[in-house]
Amino acid sequence: MKDLSFTHRFVSARCFTQSLLCIKGGAEMRIIMISELQTFVFSFMPELSHPIVSLISVGTELRSEGEYYYDNTYRNLNGYLFQYTLEGKGGLTLSGHKHIIEPRQAFFIKIPSDTMYYSIPGEDWKFIYILIQSDYLDEYYQQIVHKTGNIINLSPDSNIAGLLNDIFNQAK
């Protein structure tokens, strides 16, 4: 995000967050960095009435058993999550079928959908992820899932893993 000019900065020690108001190409966007999790949340301002794609968040997280659970059935988000496991294991339920996600595996899901992802008892789970929102990507998502499935085996040296790391590093 080197080309963004920062116009406002707010730090809240209680929440361990840092919020930056940025202007890029005349449009305002708020970036929130959650220090504990190395997660960057992008809240676009109302001036962008209906962007084609919005980056919601990107980050790395380390989650322990029981503290991480998302049921995506009724989430109020028209988004797509790509999450790549770096260390440990996590769980993913797709239409009632449970899967263990291990290092070198990613999952790609639509939100909302009949999916859940969560930490597993006795396991830590370290991952990197990107969450995007769009009303226009469903056809592409369907083609990708048709070719690869929702769970994808990826080498850490793969182009996709490298691109995900690049996006995360640029958000820092």
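This structure is a prediction, so every number in the text was calculated from the model and none was measured.

1. Considering the sheet that holds strand 6 (residues 69-71)
- Strands sit in the order 6-11-8-9 across an open sheet of four strands; the sheet is antiparallel. Looking at the sheet topology across the chains shown, the edges are occupied by strand 6 and strand 9 (97-101). Between one strand axis and the next, the sheet turns through 15 degrees on average, direction left out of account.

2. Focus on a nonpolar patch on the surface
- Judged by side-chain polarity, Ile 52, Val 53 and Tyr 136 come together as a nonpolar surface patch covering roughly 300 Å² of accessible area.
- Position of Ile 52 among the secondary structure elements: in the loop between strand 4 (39-44) and strand 5 (54-63).
- On the accessibility criterion, Ile 52 (59% relative accessible area) is exposed.

3. Regarding the packing of aromatic side chains
- A full pass over the atoms with the stated rule returns 13 aromatic pairs.
- An aromatic cluster is present here, built from Tyr 68, Tyr 70, Phe 107, Tyr 117, Trp 125, Phe 127 and Tyr 129 joined pairwise through their rings.

4. Examining the environment of Asn 169
- Along the chain, the position of Asn 169 falls in helix 2 (residues 159-171).
- Remark: the alpha-carbon pair of Asn 169 and Gly 59, spanning 110 residues in sequence, is separated by 9.1 Å.

5. Here we look at unusual backbone geometry
- With an omega of 5 degrees, the peptide bond between Ile 111 and Pro 112 qualifies as cis.
- Considering the arrangement of structural elements, one finds Pro 112 in the loop between strand 10 (105-111) and strand 11 (115-119).
- Even without being a glycine, Ser 95 presents a positive backbone phi close to 50 degrees.
- Inspection of the secondary structure assignment puts Ser 95 in the loop between strand 8 (90-94) and strand 9.
- Of note in this structure, Arg 104 is not a glycine but carries a positive phi near 75 degrees.
- Along the chain, Arg 104 turns up in the loop between strand 9 and strand 10.

Thresholds applied
Each chain carries its own residue numbering, running from 1 in the direction its sequence is written. For this predicted model, a pLDDT threshold of at least 70 governs which residues receive local features, and a threshold of 80 or more governs which side-chain atom pairs are given and counted, while totals over whole chains, interfaces and linings are taken from all residues. As a rule here, side-chain values cover all heavy atoms of the structure and leave hydrogens and water aside. Here, a strand pair is defined by DSSP locating no fewer than two bridges between the strands. Only DSSP runs of H or I covering at least 4 residues are called helices, and only runs of E covering at least 2 are called strands; the numbering of each starts at the N terminus. Note on definitions: angles span 0 to 180 degrees between N-to-C directions of axes, and those axes are lines fitted to C-alpha atoms, for helices only across the stretch in contact. Patch definition: residues with relative accessible area over 30% and no salt bridge; like charges joined within 9 Å; nonpolar side chains (Val, Leu, Ile, Met, Phe, Trp, Tyr) joined within 5 Å. For the area figures, the Shrake-Rupley method with a 1.4 Å probe applies, and any residue is considered shielded solely by the protein chains shown. Here, a salt bridge means any side-chain nitrogen of Lys or Arg that lies within 4 Å of a carboxyl oxygen of Asp or Glu. Summary of the burial criterion: residues with accessible area below 20% of their type's maximum are buried, those above 50% are exposed, and those between are partly exposed, where the area comes from a 1.4 Å probe applied to protein chains only. Paired rings are identified among Phe, Tyr and Trp, the last through its six-membered ring, by centres lying within 6.5 Å, and are further divided according to the angle between planes into stacked (under 30 degrees), edge-to-face (over 60) and tilted (the rest).

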